[in-house]
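So the chains spell out like this:
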Amino acid sequence: MQTMPAHAAHHDDREIETLEEFDATVSARGTLAGHRVQAVDLTDRTRELLTTDTAGAVFLGCAMREEAAAKVRADGALVFPPVPDLPFDPYRGHVYSPDELFESLPDGYEATPDARAYAWFQRTKADRDIYASMLRAVHDDSVSDALDELLSGARVVGVMGGHAMARGTEEYAGAARLGRELARAGFTVATGGGPGAMEAANLGAYAAPFGEEMLTESLELLAKAPRFTPSITQWATAAFEIRTRWPQGGRSVGIPTWFYGHEPPNAFASHIAKYFANATREDGLLARSNAGVVFLPGAAGTVQEIFDNATPNYYESRGEPTPMVLVNRVHWTEKLPTWPLLRSLAGGRSMEARIALVERIEEAPEALKRLGG
């Protein structure tokens, strides 16, 4: 069964991301000097802040009372106060969960934090405000930090494919079975976090702990809302019905972006690292797929990902090349002839032994194992 390392165990021990960690640090060490406190509400910890050394500490988006803030500043701490009226927390210490992004879904998708963050992005992107762009950058950096902590020690396989793949199709079912098999083989499945092939792979990982009938029934239920258009609300509600009916599914990661705001994140990834900057998101997704990437049929976005992944493998800039498995011969040799170019690039280099083209989705896990040595 797939594992994902327990969160929090791996972050820098000067980083404090919860009230429990704050209390434990104060009682065990008696000092907060040099620590980083991230997005923790400290309004009820005034006494501790007044009596503990905070020299050189940094408080990122921590609510605190005025006298506490004045004292820690006097100690030489840096205080970045919470930003009011933002639909997201730029200093967040953890990646998102589906429940968090889709909160208020019963009132319609427009009411959710996900939709509100996108609306804010659209509004501020146009006016080129340095303050807004700084907040986006700080947010994305916080998300990357949280994602690294989450995936520390995990064997991550990326599954790439288009958003156009509809629920209820044989392709969608195949991508779901792929995600399930990878999860059962001990890999952490990571996708672009959106609909289509991405959702199917995250669904498969979610289904990993359950028997065969759970995936069969889920695929039938989802087929009633095949696409995220015309109603994201109906599309997402169908996913949450499955999560409610089969709680405690397997874990996986989705890495979507608000850059493609028309495209909602899927609710089957247990952990969602959502970014404003698509370039940061693309590179982060591929760089973290340390056990290889499976490329399902897709269009321009998937072609871009193939070569974004091939480049560091070609130059070995991230060390040993990682496995790349392309699925569907006709698609990748005739429709979008990416495979011949990839094979030519790989010729005579160590990545040559790490690329494969397979016909059927069912062959991908075996190919990954073979290429991974």
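Residues numbered from 1 in each chain as written. Predicted model: local features only at pLDDT ≥ 70, side-chain atom pairs only at ≥ 80, totals over all residues. Heavy atoms only, no water.

Under an unreviewed UniProt entry, the protein chain has the name LOG family protein and belongs to Streptomyces coeruleofuscus.

Undergrad: Where do I start with the overall build of the protein chain in this structure?
TA: Check the secondary structure of the protein chain and you find 15 helices and 11 strands. The C-alpha extent of the protein chain, read off along each of the three principal axes, is 65 × 50 × 45 Å. Buried residues in the protein chain amount to 55% of all 373 residues. Put simply, 63% of the contacts in the protein chain that link residues at least 6 apart link residues at least 24 apart. On the protein chain, roughly 16100 Å² of surface is accessible, and the fraction owed to carbon and sulfur atoms is 52%. Taking the average place of the 36 positive charges on the side chains of the protein chain and the average place of its 51 negative ones, the gap between the two points comes to 3 Å. (Helix = DSSP H or I, 4+ residues; strand = E, 2+ residues; numbered from the N terminus. Buried < 20%, exposed > 50% of the residue type's maximum accessible area, 1.4 Å probe, protein only. Contact = heavy atoms within 4.5 Å. Areas by Shrake-Rupley, 256 points an atom, 1.4 Å probe, with all protein chains shown as cover. Lys, Arg positive; Asp, Glu negative; His and termini not counted. Charge placed at Lys NZ, Arg CZ, Asp CG, Glu CD.)

Undergrad: Even after reading the chapter, I still don't get the side chain of T124, so can you show me in this structure?
TA: Here T124 is to be found in helix α5 (residues 113–127). Within the structure, the side chain of T124 is placed 3.3 Å from the side chain of R136, a separation counted as a polar contact. The contacts of T124, once residues within four sequence positions are left out, are D129, A132 and R136. (Polar contact = N/O pair within 3.5 Å; in protein donor to acceptor, adjacent residues only side chain to side chain.)

Undergrad: Any chance you could explain the packing of helix α7 (residues 170–184) against helix α8 (residues 197–207) here in plain terms?
TA: When two helices pack together, their arrangement is given by the angle between the helix axes and by the axis-to-axis distance. Axis separation between α7 and α8 bottoms out at 6 Å; the angle between their running directions is 45°. As summarised for this structure, α7 and α8 are arranged oblique, according to the angle between their axes. Note that α7 runs across α8; the crossing there is right-handed. Contacts between α7 and α8 involve Y172, A175, A176, G179, R180, A183 and R184 from the former and A197, E199, A200, A201, L203, G204, A205 and A207 from the latter. Here the residues of the contact of α7 with α8 are counted per class, giving 10 nonpolar, 2 polar and 3 charged. (Axes fitted to C-alpha atoms, helices over the stretch in contact; angles between N-to-C directions. Parallel < 35°, antiparallel > 145°, perpendicular 65-115°, else oblique. Left-handed = near helix turned anticlockwise from the far one by under 90°. Nonpolar A, V, L, I, M, F, W, Y, C, P; charged D, E, K, R; others polar.)

Undergrad: Teacher, can you tell me more about helix α3 (residues 66–74) here?
TA: Of all the residues in α3, the buried ones are A68, A69, K71 and V72. For α3, the arc enclosing every buried residue in end-on projection is 165°, short of the 170-degree limit, so these residues lie on one face. For α3, the exposed residues lying more than 90 degrees away from the buried face are E66, E67 and A74. The inward-facing, buried residues of α3 abut α2 (46–51), β3 (58–60) and β4 (78–80). Positive backbone phi, approximately 100°, marks G76, located one or two places after α3. (Arc of directions from axis to C-beta.)

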